Every structure is written in C-alpha cells, then in structure tokens.
There are 2 protein chains.
Amino acid sequence: MIQSSNIHVQCRQTAIAINDAMELLAGKWTPRVIMALLVREILCFTELKKEIGGVSSKVLSASLKRLEQHLIVERNVLPIQTGKVEYQLTDHGKSLEKLLEELSITGVKHRIVLTGRNVTENARVEVKLYGTKNAL
Amino acid sequence: MIQSSNIHVQCRQTAIAINDAMELLAGKWTPRVIMALLVREILCFTELKKEIGGVSSKVLSASLKRLEQHLIVERNVLPIQTGKVEYQLTDHGKSLEKLLEELSITGVKHRIVLTGRNVTENARVEVKLYGTKNAL
DNA sequence: CAGCATCCATCGAGATACTG
DNA sequence: CAGTATCTCGATGGATGCTG
C-alpha cells in the first residue's frame, strides 16, 4: 500500500515496454521471418516464403512491411532485370536473437511443465498446445 | 543449402517453442496480470482488477482461467463467508520474470531505436506505438 | 465479491485471383 | 518475381447487465 505509487509508475512503464516488445513480435509469422533471416541473412521474397512454409504472399508481405517500418528488416530492390527484392535484418533486428532464445527456452520449459504432471487435468491444454496450433 | 535440413529441423522446433511462449503471454492483459502478481504475490479478483486498471471482469476472468490451465497461476477459494478468491503465481509462473525482463529491455530499446532516428520517416510507426495502443 | 451471458466491433489471417 | 485486391471466417476484447 505504502509503496504502491512507486510500484505503479514503474510497473506501468515496464508493462508498456513489454507490450511494445510483444507487439513487435506479434503476428503468427513474425518470429519465423526473423529466424529465417537470422540463419540465412539474405533472402528474397520467394525464398523467404519457401523457407518459412505455409505462409501466403499477402500475409508475408504485410509482415515484412511491418518489420521494415519497425526498422527490423531492410528491403533492397535489386537492380533492374532481376525483378527481385532482398530482405535482411538490420543490426537492431539481429539484436532480437537473444529475446527469441529466451522465448524459446521458456516455450520448451513450459511444454515440459504442462506435460510433466497430471495429464488428465490438463488434457485440454495439451490439445491446445499440440493439436491445433503448433503441431509439427 | 548443404546444411539446410539440419537447420530446418532445429529452426522448426525453436519456432514452435517460441510460439508456445508467445501464446502463453498472448492476450492484451496477460503480462500485466503476471506482473501484478509478481509484485503483490497474492491478490483477489477485485484487487487484481484495480491493480491492473482498464480490464473488464469478463476478460480478466478469462485471462486468469487460461493462466490457471497453463499452471502459471494458482486459484484459491477462501473459506466460507468471505466470498473471495485469491490468486498467486506458481513457481513456474514466477520463473517467467526473466522473460518479462528481457521483453521489457527489448521494448525499451526498440522505442529508442524508433525515435532516435529519422523521425519524419517513422511518423506512422510512432503514432502506432505511442498513440493508439500503448499510451500512458 | 467473483464471474458468467449476451451482443457487438475489430482484426488477423487464409483462400483465391489478379497485376506490373 | 513480388506483390495487391477481395472476401470470408474465427478469435479477441469492450460494454452492459445479471447471478449465487
């Protein structure tokens, strides 16, 4: 109670920062795009599309445009004739690797926690995690 | 090219883990709920609602239920008469603090990057970040 | 107090087809 | 090749009102 105002201010700032970061990585395909570019470094549109797999042109295009606006991705239209466009991460984009790792660690751990105990009770949760969305 | 299959497999696993983690923190209020419980440790429904501010009963209720299913939050119905329900983080829930910090760091840094250069070009982005969603 | 029921607006994303 | 244009659908969240 006594410390509430301080905590409130700080938490609110932090919460906003967290929301910024979440928004940055939001969208079903955003992390995958960044990962692909972390590994491959430079890819053009169709390569990226194949690399990721399952994403439509429209959605990928929108995703890239957003990342470009956020200065995560750099878009380079190649010289005439080729008709290709290359994408690569900016330095800022590359700096997201650490966060993605942290997310990955949490994701893995979470899956272990969920499946490690009381399977019956968490059946629905499991279905959600394994069945619908993130199936291999 | 040569290493592609390996990378593919590994990346896919990682991508799924990342999606799990993102899904875990998904929902507009989820990070705020976790933060509130990290700071306050134990809160009942209405306290939580006030602490967060701006969230409706319905949405908060749904958010808590989801977190409970994911073993992030523990729900304790208090003895008779009080009619209160307490919420607190599980150990697993508490372990999310590190990830939230990392997200916060990225969020802060991102805001600096976006506002640090070429303001004109990124006006739209700024509006998005400051105006609509994450305004103070 | 805690939370559910209902209605409604918005939005992300998939499918499909088309263009410079 | 690198997108854009529609259209549709489902999920999310806000507002409001009601209950044990």
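Here the structure is a predicted model, which is why all the values come from computation and not from measurement.

Below, the discussion takes up the protein's contact with DNA strand C. Taken together, 17 residues surround DNA strand C, and among them Lys28 and Lys58 of chain A together with Thr46, Arg75 and Tyr87 of chain B come closest. Sugar and phosphate atoms constitute 68% of the interface atoms of DNA strand C, taking the interface as everything within 4 Å of the protein. In this structure, a phosphate oxygen belonging to DNA strand C sits 2.8 Å away from a side-chain N or O atom of serine 61 of chain B. Measuring from a phosphate oxygen of DNA strand C, one finds a side-chain N or O atom of lysine 65 of chain B at 3.1 Å. Those elements that provide at least two residues to the surface near DNA strand C are helix H4 (57-69) of chain A together with helix H3 (45-52), helix H4 (57-69) and strand S3 (85-89) of chain B. Top element by residues in the surface near DNA strand C is H4 of chain B. It accounts for 4 residues. Residues of the surface near DNA strand C, tallied by class, amount to 6 nonpolar, 5 polar and 6 charged.

Before going further, it helps to examine the pairing of strand S3 (residues 85-89) of chain A. All names here are of chain A. On S3, burial follows the alternation: Val85, Tyr87 and Leu89 on one face are buried, whereas Glu86 and Gln88 on the facing-out side are not. The pairing of strand S1 (residues 42-44) with S3 spans 3 bridges and is classified as antiparallel. By the bridge assignment for S3, leucine 43 is matched with tyrosine 87.

All right, on to the protein's contact with DNA strand D then. DNA strand D sits among 17 residues. The nearest are Thr46, Arg75 and Tyr87 of chain A together with Lys28 and Lys58 of chain B. Taking the atoms of DNA strand D that fall within 4 Å of the protein, sugar and phosphate contribute 65% of them. Serine 61 of chain A has a polar side-chain atom sitting 2.8 Å from a phosphate oxygen of DNA strand D. Lysine 65 of chain A is positioned with one of its side-chain polar atoms (N or O) 3.0 Å from a phosphate oxygen of DNA strand D.

Tallied over the full model, the rule gives 6 salt bridges over all chains. For arginine 111 of chain A, the salt bridge identified is with aspartate 20 of chain B, shortest N-O distance 2.7 Å. Of this pair, arginine 111 of chain A sits in helix H6 (residues 97-116) while aspartate 20 of chain B is found in helix H1 (residues 4-24), placing the two residues in two different chains.

Glycine aside, a negative phi is what most residues show, and trans is what most peptide bonds show. Residues and elements named next belong to chain B. Phi is positive for glutamate 41, which is not a glycine, with a value near 75 degrees. When you line up the elements, glutamate 41 lands in the loop between helix H2 (30-40) and strand S1 (42-44). The class of glutamate 41 is exposed, set by a relative accessible area of 54%. In this structure, leucine 71 is a non-glycine residue whose phi angle is positive, near 60 degrees. Within the element layout of this structure, leucine 71 appears in the loop between H4 and strand S2 (73-77). Given a relative accessible area of 15%, leucine 71 falls into the buried group.

Bringing the layout of surface pockets into the picture now. Summary: where empty space remains is shown by rolling a probe the size of a single water molecule over the atoms. What the second largest pocket holds in volume is close to 300 Å³. Among the elements of the structure, helix H2 (30-40) and H6 of chain A together with H1 of chain B are those that each provide at least two residues to the lining of the second largest pocket. Looking at the lining of the second largest pocket, the element that brings in the most residues is H1 of chain B, giving 5 residues.

A word on the environment of histidine 110 of chain B. Residue and element names in this part refer to chain B. Within the secondary structure, histidine 110 is located in helix H6 (residues 97-116). Its relative accessible area of 1% is what places histidine 110 among the buried residues. For the pair histidine 110 and glutamate 23, spaced 87 residues apart in sequence, the C-alpha separation works out to 21 Å.

Residues and elements named next belong to chain A. Across its 13 residues, H4 extends 18 Å between first and last C-alpha, which sits within 8% of the 18 Å expected from 1.5 Å per residue. Buried within H4 are the following residues: Leu60, Ser63, Leu64, Arg66 and Leu67. The buried residues of H4 occupy an angular sector of 160 degrees when projected down its axis, which confines them to one face. Of the exposed residues in H4, the ones pointing more than 90 degrees away from its buried face are Lys58 and Lys65.

Calculation rules
The residue numbering used here restarts from 1 in each chain and proceeds along that chain's sequence as written. Whichever chain is written first is A, and whichever ligand is written first is 1; the rest continue in order. It should be noted that, the model being predicted, local features are given only for residues of pLDDT at least 70 and side-chain atom pairs only at 80 or more, the latter also being counted only at that level, while totals for whole chains, interfaces and linings use all residues. The basis for the side-chain values is all heavy atoms of the structure; hydrogens and waters are excluded. By convention in this text, a residue qualifies as near a molecule or strand provided that one of its non-hydrogen atoms is within 4 Å of it. Polar contacts, as used here, are pairs of N or O atoms within 3.5 Å; protein pairs need one atom able to donate a hydrogen and one able to accept it. Residues neighboring in sequence count only if both atoms are side-chain atoms. Runs of E in the DSSP output that reach at least two residues are strands. Runs of H or I that reach at least four are helices, and both are numbered from the N terminus. Amino acids outside the nonpolar list (Ala, Val, Leu, Ile, Met, Phe, Trp, Tyr, Cys, Pro) and the charged list (Asp, Glu, Lys, Arg) are all regarded as polar, and Gly is one of them. Each residue gets one of three labels from its accessible area relative to the maximum for its type: buried under 20%, exposed over 50%, partly exposed in between, using a 1.4 Å probe on protein chains only. Strands pair, by our definition, only if DSSP identifies at least two bridges between them. Here, a salt bridge means any side-chain nitrogen of Lys or Arg that lies within 4 Å of a carboxyl oxygen of Asp or Glu. Definitions used throughout: a 1 Å grid over protein atoms alone; a cavity as a set of points that fits a 1.4 Å probe which cannot get out; a pocket as an open set with protein on both sides within 12 Å along at least five of seven lines; a lining residue as one with an atom within 4 Å of a point. Grid points are joined across faces, edges and corners, and a volume is the space filled by probe spheres set on the points. Take the number of residues in a helix, subtract one, and multiply by 1.5 Å to get its expected span. By definition, the arc is the one covered by directions from the helix axis to the C-beta atoms.

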